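# Geometric and topological summary
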Amino acid sequence: MRTIQSVNEMQSHAIGLRSGGQLIGLVPTMGSLHAGHLALIDIAKEEADKVIVSIFVNPAQFGPSEDYEQYPRVLEEDLEKCRERGVDIVFNPSVVEMYPQGYSTFVKEEHLSAGLCGVSRPHHFRGVTTVCLKLFNITRPDIAVFGQKDAQQCAVIKKMVTDLNLPTSVLVGPTLRDADGLATSSRNAYMSDVQRQEALSIPKALQIAQDMVQQGTRSVDRIVAEITHHLSLHRRVRVIYAQVVDKETMEPAREIEPGRHIACVAAWVDQTRLIDNVEL
Ligand code: PAF
């Protein structure tokens, strides 16, 4: 496995791979790799000849009072996991390599990124689309793999790829859950056992929503009310939003059409901000 820090080196290597006819698969990450990331790497390995994992904690997608500084950074462990999983290249640039002095260009999707997490994190998706477009230009992927847990991120990136005619296919891997039901996330590491128990109310509330739809409920109001009621029973949990939206357009739904809509939750569990979603 090769590790590359330089943008120029990564870009010329990727251009070389492509001109040699190799299909490139990219898994963009911020490191602190967990089973969810490894499952995305497996998808990339199935679909591409060469797999690049980028590891870059992107300052542009964190707000001023968010967890950029605390975000876990465990490069050696990540490299070991990538090596074991058969990754070909890890691209782990520094912040100045990606955003040199005087950097001033950003990419903003203006519609799908406005609701849900875009309300409480107003610059987040601008940072995500900017870094993803940069990573796509640097690593030239035929496919890029993202996780369904970040459903809005997936929809926003797909929209950017369509709107800007990028030659990359976006694949979405299913949300991976730990045995207790909590969606895998690097931020789970912030929580104590007690907090984690409280956090389990999030997948449980989403499960209740799924069960309601299965039993015939179609009213979004009823479903959102049940989700928020269940979460309100947990004293460390503070709901940021609970919404049912179209999984492609992120438009809020009124009546559920099974297969088309997802229920999304963002909540604080004490100081940890978690998101999760399920298909209804
Ligand atoms: O999902 C993430 O980890 C990040 O938002 C991403 C896509 C790597 C961009 O920094």
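Scroll up to find the structure this text is about.
What follows covers the pattern of salt bridges. Summed over the entire model, instances satisfying the criterion amount to 15 salt bridges. Between Arg 260 and Asp 246 there is a salt bridge whose closest N-O contact spans 2.6 Å. A residue pair is termed long-range when its members are at least 10 positions apart, and Arg 260 in the loop between β7 (237–246) and β8 (261–269) and Asp 246 in strand β7 qualify at 14 residues. Since its relative accessible area comes to 38%, Arg 260 is described here as partly exposed. Where Glu 257 meets Arg 260, a salt bridge forms, and the shortest distance between an N and an O atom there is 3.0 Å. On the basis of relative accessible area, Glu 257 is assigned to the partly exposed category, the value being 40%.

Time to look at helix α1 (residues 7–19). Helix length check: α1, at 13 residues, gives a terminal C-alpha distance of 18 Å against a target of 18 Å (1.5 Å per residue), a fit within 8%. If you check which residues of α1 are buried, you get Val 7, Met 10, Ala 14 and Leu 17. Buried residues in α1, looked at end-on, bunch into an arc of 95 degrees, giving them a common side. Away from the buried face of α1 by more than 90 degrees, exposed residues Asn 8 and Ser 19 are located. At the N-terminal boundary of α1, the capping side chain belongs to Ser 6, with an oxygen 3.3 Å from the backbone nitrogen of Asn 8. With its phi angle positive at about 85 degrees, Gly 21 sits one or two positions after the end of α1.

Let's shift gears to the sheet that holds β8. Strand order in the open sheet formed by 3 strands is β7-β8-β9, with antiparallel pairing between adjacent strands. Of all strands in the sheet, those bounded by a partner on one side alone are β7 and β9 (272–279). This sheet shows a mean twist of 15 degrees between the axes of neighbouring strands, independent of strand direction. In this sheet, β8 lies alongside β7 in antiparallel orientation, the contact comprising 9 bridges. Considered in β8, the bridge of Val 244 is made with Ala 263. Those strands touched by helix α10 (residues 220–232) are β7 and β8, and its axis lies near 160 degrees from that of β7.

Attention now goes to the pairing of strand β3 (residues 50–55). Most of β3 sits inside the fold, with 5 of its 6 residues counted as buried. Two elements, β3 and strand β4 (residues 89–91), share 3 bridges in a ladder whose sense is parallel. Its bridge partner lying in β4, Ser 54 is registered against Phe 91. This β-α-β element, β3 to helix α3 (residues 75–85) to β4, shows right-handed connectivity.

Applying the stated rule across the entire model yields 5 aromatic pairs. Centre to centre, the rings of Phe 56 and Tyr 99 are 6.1 Å apart; their planes meet at 40 degrees, and the pair counts as tilted. Placement of the pair is Phe 56 in the loop between β3 and α3 and Tyr 99 in the loop between α4 (95–98) and α5 (117–120), with a sequence separation of 43 residues. Classification of Phe 56 as buried rests on a relative accessible area of 5%. When its relative accessible area of 12% is taken as the criterion, Tyr 99 is described as buried. A ring pair is formed by Tyr 99 and Tyr 103, whose centres lie 5.0 Å apart and whose planes are at 85 degrees; its orientation type is edge-to-face. For Tyr 103, a relative accessible area of 27% corresponds to the partly exposed category. Members of the aromatic cluster, joined through ring pairs, are Phe 56, Tyr 99, Tyr 103 and Phe 106. Its guanidinium or amino end placed over the ring of Tyr 68, Arg 73 lies 4.8 Å from that ring's centre, counting from NZ or CZ. Here the basic side chain of Arg 126 rests over the ring of Phe 106, its NZ or CZ set 3.9 Å away from the ring centre.

About the criteria used
Once a new chain begins, its residue numbering starts again from 1 and follows that chain's sequence as written. Local features in a predicted model are, by the rule used here, given only for residues with pLDDT of at least 70; side-chain atom pairs are given and counted only at 80 or more, and totals for whole chains, interfaces and linings are based on all residues. Side-chain numbers come from the whole structure's heavy atoms, not from hydrogens or water. Salt bridges are counted wherever a side-chain nitrogen of Lys or Arg sits within 4 Å of a carboxyl oxygen of Asp or Glu. A helix here means a DSSP run of H or I that spans at least four residues, while a strand means a run of E at least two residues long, and both kinds are numbered starting from the N terminus. Between buried and exposed lies partly exposed: a residue is buried under 20% and exposed over 50% of the maximum accessible area for its type, with that area taken using a 1.4 Å probe on protein chains only. Each helix should span, by expectation, one fewer than its residue count multiplied by 1.5 Å. Directions from the helix axis toward the C-beta atoms define the arc. We define a polar contact as two N or O atoms separated by no more than 3.5 Å, with the added condition that, inside protein, one atom must be a possible hydrogen donor and the other a possible acceptor, whereas residues neighbouring each other in sequence contribute only through side-chain atom pairs. In this description, strands pair whenever DSSP reports at least two bridges between them. Between N-to-C directions, angles span 0 to 180 degrees; the directions come from axes that are lines fitted to C-alpha atoms, helices contributing only their stretch in contact. Should any heavy atoms of two residues lie within 4.5 Å, those residues are counted as being in contact. Crossover handedness is defined here as right-handed if the route from the first strand over the helix to the second strand goes clockwise, with the strands pointing away from the viewer. To pair, rings of Phe, Tyr and Trp, with the six-membered ring standing in for Trp, must have centres within 6.5 Å; the planes then decide the type, stacked if under 30 degrees apart, edge-to-face if over 60, and tilted in the middle. Only when the NZ of Lys or the CZ of Arg is both within 6 Å of the ring centre and within 35 degrees of the ring normal is a charge said to sit over the ring.

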